Number of protein chains: 2
Amino acid sequence: MVAPTGITAGLINLLEVFIIAASVGIFVAKVGRFPYTIALLLAGLAVSILGINIDITLTHDLILLVLLPPLLFEGAATTDLDSFRENLVPVLVLAVPGLIVSILVLGVLGHYAFGYPLLLATLFAAMILPTDPVSVLALFEELGAPERLSVLVEGESLLNDGVGVVVFSALFALISQTPPNTDLSELISPEVIAETGLEIVVASLGGLLVGLAAGYLIYRVMVNLDEHMTEIVLTLILAYGSFLLAEHYFHVSGVIATVTAGLLIGNRGAEYAMSPQTKISVFNTWDTAAFLVNTLIFVLIGAKTPIHQMVDNWQLIAIAIVLAIFVRALTVYPFTAAVNRFSRRDIPFSYQHVMVWGGLHASIPIALVLGLPGDFPNISELRSMVFGVAAFSLVVQGLTMSNLLDRLDIVTRTETEELYELLLGRARAVDSALDAAERLHDRGDLPTDVYEDFRGEYRHEKEDLNTAISRLLRENPELRREELLVGERRVLKQEKSAIMDATHSGVISDDIGERLLEEVDLKLDRVDTGRSTVRDDPENEAYEEFWRARVAEYGLDFSPSDD
Amino acid sequence: MVAPTGITAGLINLLEVFIIAASVGIFVAKVGRFPYTIALLLAGLAVSILGINIDITLTHDLILLVLLPPLLFEGAATTDLDSFRENLVPVLVLAVPGLIVSILVLGVLGHYAFGYPLLLATLFAAMILPTDPVSVLALFEELGAPERLSVLVEGESLLNDGVGVVVFSALFALISQTPPNTDLSELISPEVIAETGLEIVVASLGGLLVGLAAGYLIYRVMVNLDEHMTEIVLTLILAYGSFLLAEHYFHVSGVIATVTAGLLIGNRGAEYAMSPQTKISVFNTWDTAAFLVNTLIFVLIGAKTPIHQMVDNWQLIAIAIVLAIFVRALTVYPFTAAVNRFSRRDIPFSYQHVMVWGGLHASIPIALVLGLPGDFPNISELRSMVFGVAAFSLVVQGLTMSNLLDRLDIVTRTETEELYELLLGRARAVDSALDAAERLHDRGDLPTDVYEDFRGEYRHEKEDLNTAISRLLRENPELRREELLVGERRVLKQEKSAIMDATHSGVISDDIGERLLEEVDLKLDRVDTGRSTVRDDPENEAYEEFWRARVAEYGLDFSPSDD
């Protein structure tokens, strides 16, 4: 009836991508334990080798403006702010100075290895080095890797995407503004470095501010609203809006704005501004959206890999792969060691290996290289190298990740721990169901009769759960011990925050506060090294509080109660 | 950094639409009882009157290929096949012969009223007469209209969209193939009528077959798969794929293909090929997608209404509105009367009035008129009339619908339900009075004596109310059952949200969280099909929680408390 038009052709192409994706999904479901994103990439590569043309142009704007904001937003929204904060120091150190140093190092190495002008080699470094969490995290989830490792890897990736794009843009502007045939090395002067540094700071802080402002605005609206569909629309507006606002109105980092907004809404927003129904709808929607976008990205990356160019440039690609891994190792180990020196909770060596090998380079590098104009110096080589490093890191590093985790003995969850988590999770669900029933009853939405049935049923289940949990803890003393330490750490954190508040408000003076804090830190350290401060272990002395010593010193008549 | 390009501009325009939509959503949530779609349309109109330009071109292809398939698929998938079958005769009679007769009648009337050639007037009739269920159904749901009325209205709309498009296309081809300036009436000959009739039959049956084949294929794949994200992708492929396959490869009705596929997957598919988790994910995704698409359509219809043209053509529009309603009445009453004569379950007169007045003309007519070429005869008048009839039916008919239902006494809750609501409402009032009195007393605004009198009085009333409610529930087990299920659904949502929180914050790992969520989904599904998980029904076994099985498997020495 209607002749195939632009829209029809576009739809058919999208359908092709999703048919490939569905086939991959069915394959992965049947075979099991093969990472979905990597399978998508390989299917895309196969399609491109078979010469089937998928007529969707993968452009810089498509990736950066359309596909990336939902991924960044979803990634940030599902990051737990508390764990993120606890690991903020290593994450920040690796994502900001770590990334910048590694860009400079790879720039210098690339200058010699590829024979590029220093500035161009540095641009390549800024383009290739930001890491992508997607595939690694999917794998971590599947294998049950420790929460902290996930937070470290994901946190770094979320932040260094922003920093990488900012550095890249600054360098790109620098190269574009110079007349052709200038010796690019001449451009590097102290003023230029200072100016670029300032640009990076302004863009990052600006992005942070835009994200906070936009996120807070939407948060305020959502607090006063309980209408899950409209709230989905609001988060949609926030994800894309914060990005566009930052990039096009304030010319600051859109990536950082969207990540900040996502962290805010996913944590504070979910806690205070969403009803359970809204929370479920919003997170499910974003989960599905991120899945679809990821699917699209990975198939397209595979299908659009310039295989012929890459065959021609295989030597450059090989060098780039080795250099990228080498430089990443060169940054992760020393920077983490420095952080470990000043922090109580060490990042173990085994984690550091995973962080080096898990630094996959995918969508951001590809978006950036596709954004370079066609007449850019060495453009064909740059494209080959970026696609080459991306393919290698996704396929080889991605596929060997689970072996690495096994080797390093990182994914260690016993059957007991699994059962314990299951019981704990169910107990939480039952508690909140009881709360909900009580609230509904109090509000008159649930008749007393019906409420009593509910309560009976859930209390019964709760009792059984409690019995099962106590039994399990009794039969597994080491599990009990671990739980004790986790609980103790939380309680100590609370102590610390109370002392800080008291100092802050002037109830106690700063020096006394300092001493009290020192004591809590001492206890925290004890806990971190696996000793409890509550239980009287035969090997470890019971902890004696500082004030007891002071009371005795003072000579106060005071007989402590018996233990 | 990057100059605003096509994609950026497109994104900004989409964001504008969604910002309008969110404002409308917030407004509707605060005001209540104002239909969301009509508010969207009015907001769109306001935007267009204020001269704010939303730079999205509303084209035939955009509506018919991109926006309509998800709406049709979702509409069909959420239609209960059993009720649909029970009402198949009236629905089919109205959607096929009913629609065709009304097109012919309106063609003849329009020929005289507008002075158009007969063929052109018939084309206009085919374009304007298909009905749109969206707004009416939303209203029905809100007001609690009877299930059967919804099925009649929705069923007719889903099918007559397909038939209308087929008739329109046949007539359009006829007009286009003739040289300009031919007297169009000459074209109407017995052969042409027979040929057009055959085309309609072929296109409808062909669409049905394509929908069945595509739906069955996807169904077979889904039976052997349990991977909810891939199954979402499969339904996405089905919704658009069946449409494109029908339209562009077989040149039969895409609308009928998509509706058939949706009916199949939403019923047989949901029952036999989806796990509870998959079912919930798939339906939630489609629910959200349909909401977003609807939002887009109604804002755009409002914003793109050609107001100046419409002012010029107001007389034609007025005639068109009257004729459209008149012709609809002229078909619905006699055809329903005929059906009633041969059927066991009469469609009451009151329903027929609603079916006449609820025949809204929106997206399909607008898509079709926008698809007409710019040099089509009387194009400006045709556009004005279609937009005019659409706006009138949506705003005037849509907004008066609830009055009509009230007048006709259709939204009939039983006496028991009414009493129950009355008691519940009073109980709420008493609760909040008690709260208020307590607050006033605490603040010292109410002397203790007086407060105690108050409290005594209200508590007494509250007790009596509680007794009355319990009695009523005890005497009406079906009411109690309904309350139980409603309450249970809410409590289960709360459970789900608690598990999501625990996973999010890392208390339990993702895979354990997924298993717990799966269990809640299973329970939700039980509740959705009318079975409680709390009460031990004699017919249904009590639900056994997953963790109990795991505890037994693990071999934990655990004797659960007695029931």
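Residues numbered from 1 in each chain as written. Chains lettered and ligands numbered in written order. Predicted model: local features only at pLDDT ≥ 70, side-chain atom pairs only at ≥ 80, totals over all residues. Heavy atoms only, no water.

For chain A, an unreviewed UniProt entry supplies the name Na+/H+ antiporter and the organism Haladaptatus paucihalophilus DX253. Comment text from UniProt for chain A, heading Subcellular location (unreviewed entry), reads "Cell membrane". (UniProt positions renumbered as here; feature names shortened; annotations may be inferred.)

Visitor: I'd like a description of the overall build of chain A, backed by residues and values.
Guide: Within chain A, the secondary structure is distributed over 22 helices and 0 strands. Along the longest, intermediate and shortest principal axes, the C-alpha atoms of chain A span 85 × 65 × 45 Å. In chain A, which comprises 563 residues, the share counted as buried stands at 54%. (Helix = DSSP H or I, 4+ residues; strand = E, 2+ residues; numbered from the N terminus. Buried < 20%, exposed > 50% of the residue type's maximum accessible area, 1.4 Å probe, protein only.)

Visitor: Give a description of helix 1 (residues 6-31) of chain B that names residues and reports values.
Guide: Residues and elements named next belong to chain B. A rise of 1.5 Å per residue sets the reference length of helix 1, with its 26 residues, at 38 Å; its end C-alpha atoms lie 38 Å apart and thus fit the reference within 8%. By the burial criterion, the buried members of helix 1 are Thr 8, Leu 11, Asn 13, Leu 15, Val 17, Phe 18, Ile 20, Ala 21, Ala 22, Val 24, Gly 25 and Val 28. Backbone geometry just downstream of helix 1 places Gly 32 in the positive-phi region, at approximately 75°. (Expected span 1.5 Å × (residues − 1).)

Visitor: Account for the layout of surface pockets, naming residues and giving values.
Guide: Residue and element names in this part refer to chain B. Volume-wise, the second largest pocket comes out at about 550 Å³. Taken together, 19 residues make up the lining of the second largest pocket; nearest its centre are Phe 84, Leu 159, Leu 208, Thr 260 and Leu 263. At the level of secondary structure, the elements contributing two or more residues to the lining of the second largest pocket comprise helix 4 (81-86), helix 5 (88-114), helix 8 (147-177), helix 9 (190-223) and helix 11 (254-272). Its residues assigned to classes, the lining of the second largest pocket shows 16 nonpolar, 2 polar and 1 charged. (1 Å grid on protein atoms, 1.4 Å probe; cavity = no way out; pocket = protein on both sides within 12 Å on 5 of 7 lines; lining within 4 Å. Points joined across faces, edges and corners; volume = space filled by probe spheres on them. Nonpolar A, V, L, I, M, F, W, Y, C, P; charged D, E, K, R; others polar.)

Visitor: So what's going on with the environment of Val 430 of chain A? Which residues, and what values?
Guide: All names here are of chain A. Tracing the backbone shows Val 430 in helix 18 (residues 415-442). By relative accessible area, which is 0% here, Val 430 ends up buried. Setting aside residues up to four positions removed in sequence, Val 430 forms contacts with Tyr 458, Glu 461, Lys 462 and Leu 465. (Contact = heavy atoms within 4.5 Å.)

Visitor: Lay out the interface of chain B and chain A in plain terms, naming residues and giving numbers.
Guide: Many analyses report the size of an interface as the accessible area lost when the parts associate. Each side of the interface is counted separately: chain B has 107 residues, and chain A has 105 residues. For the chain B and chain A pair, buried surface summed over both sides reaches about 9,300 Å², with 67% attributable to carbon and sulfur atoms. As a salt-bridge pair, Arg 426 of chain A and Glu 495 of chain B come within 2.8 Å of each other at their nearest N and O atoms. Our enumeration of links across chain B and chain A arrives at 7 residue pairs in polar contact (both at pLDDT 80 or more). Here the side of chain B that touches chain A takes 19 residues from helix 20 (residues 477-504) of chain B, the largest share from any one element. Of the residues assigned to the side of chain B that touches chain A, the class counts are 53 nonpolar, 26 polar and 28 charged. (Buried area = accessible area lost by both parts, 1.4 Å probe. Salt bridge = Lys/Arg side-chain N within 4 Å of Asp/Glu carboxyl O. Polar contact = N/O pair within 3.5 Å; in protein donor to acceptor, adjacent residues only side chain to side chain.)

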